[in-house]
Amino acid sequence: MDGMRLFQLLFFTSLFAGSHLQSCPCPFIYDPVCGLDGRTYSNPCSANCVGMPIRCRNECPCSCPCPRIYDPVCGIDGRTYSNPCLARCNGIYFYRQGECRQNSKRY
């Protein structure tokens, strides 16, 4: 292998490897958020770095102050929630009004 090809190979290999070794430039500020995976992240930036949607702005588990109103919704996961607030607290943002059908896996 000639010198120029070796240089190109090493150059492009270092670019590729470097792109996977870089971490997200997040501040060292503790502002905890709870991800949809149930894990506490040190701040919103650290959750976004791994592509994790945020369930709530606090440590896990999230507490959800929802009203005690029965206004059932069927979540996209096929479960009936007492109201839209409780569905969102469980990470379900797509739902329809009413209870889920008995034998339905999806809404």
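Note that the structure is predicted; figures quoted are calculated from it, not measured.

1. Focus: the overall build of the protein
Right, so step 1: Across its full length, the protein holds 3 helices and 6 strands.
Right, so step 2: When the elements of the protein are put in sequence order from the N terminus, they spell out α-β-β-α-β-β-β-α-β.
Right, so step 3: When burial is assessed residue by residue, the protein has 25% of its 107 residues classed as buried.
Right, so step 4: Restricting the contact set of the protein to residue pairs at least 6 apart, pairs at least 24 apart contribute 28%.
Right, so step 5: A total accessible area of about 8,100 Å² is found for the protein, and carbon and sulfur atoms account for 58% of it.

2. Here we look at the confidence of the model for the protein
Right, so step 1: Mean pLDDT for the protein: 81, with 75% of residues reaching 70 or above.
Right, so step 2: For the protein, helix 1 (residues 3-21) is the element with the lowest average pLDDT, namely 45, and strand 6 (residues 95-97) is the one with the highest, namely 97.
Right, so step 3: Within the model, the stretch residues 9-21 combines pLDDT values under 50 with 0 contacts to residues more than four positions away or in other chains.

3. Overview of the state of the cysteines
Right, so step 1: For the structure shown, the criterion picks out 7 disulfides.
Right, so step 2: Linked covalently through their sulfurs, Cys74 and Cys100 form a disulfide whose S-S length is 2.1 Å. Across the S-S bond of Cys74 and Cys100 the torsion is about 105°, and the bridge reads as right-handed. On the criterion of sequence distance, the pair formed by Cys74 in strand 4 (residues 73-75) and Cys100 in the segment after strand 6 is long-range, its members being 26 residues apart. Just as Cys74 is buried, Cys100 falls in that class too.

4. Points about the environment of Cys85
Right, so step 1: Tracing the backbone through its elements, the reader meets Cys85 in helix 3 (residues 84-89).
Right, so step 2: Assessed through its relative accessible area of 18%, Cys85 is described here as buried.
Right, so step 3: Separated by 12 residues in the primary sequence, Cys85 and Val73 place their C-alpha atoms 9.7 Å from one another.
Right, so step 4: With near-sequence residues (within four places) excluded, Cys85 lies in contact with Pro65, Cys66 and Pro67.

5. So, the sheet that holds strand 6
Right, so step 1: Judged by pairing direction, the sheet is antiparallel, and its 3 strands sit side by side in the order 5-4-6 without closing on themselves. Two strands lie at the open edges of the sheet, namely strand 5 (80-81) and strand 6, each paired on one side alone.
Right, so step 2: Sheet topology places strand 4 next to strand 6; 3 bridges connect them, and they run antiparallel. Bridge pairing in strand 6 links Val73 to Gln97.

6. Notes on the environment of Ser42
Right, so step 1: Topologically, Ser42 is positioned in the loop between strand 2 (40-41) and helix 2 (44-49).
Right, so step 2: The partly exposed category is assigned to Ser42, whose relative accessible area is 33%.
Right, so step 3: Those residues in contact with Ser42 that sit more than four places away from it in its chain are Ile29, Tyr30, Asp31 and Pro32.
Right, so step 4: Reaching out from Ser42, the side chain makes a polar contact with the side chain of Ser46 at a distance of 3.4 Å.

Definitions and cut-offs
- Residues numbered from 1 in each chain as written.
- Predicted model: local features only at pLDDT ≥ 70, side-chain atom pairs only at ≥ 80, totals over all residues.
- Heavy atoms only, no water.
- Helix = DSSP H or I, 4+ residues; strand = E, 2+ residues; numbered from the N terminus.
- Buried < 20%, exposed > 50% of the residue type's maximum accessible area, 1.4 Å probe, protein only.
- Contact = heavy atoms within 4.5 Å.
- Areas by Shrake-Rupley, 256 points an atom, 1.4 Å probe, with all protein chains shown as cover.
- pLDDT = per-residue confidence, 0-100.
- Disulfide = S-S within 2.5 Å.
- Pairing = 2+ DSSP bridges.
- Polar contact = N/O pair within 3.5 Å; in protein donor to acceptor, adjacent residues only side chain to side chain.

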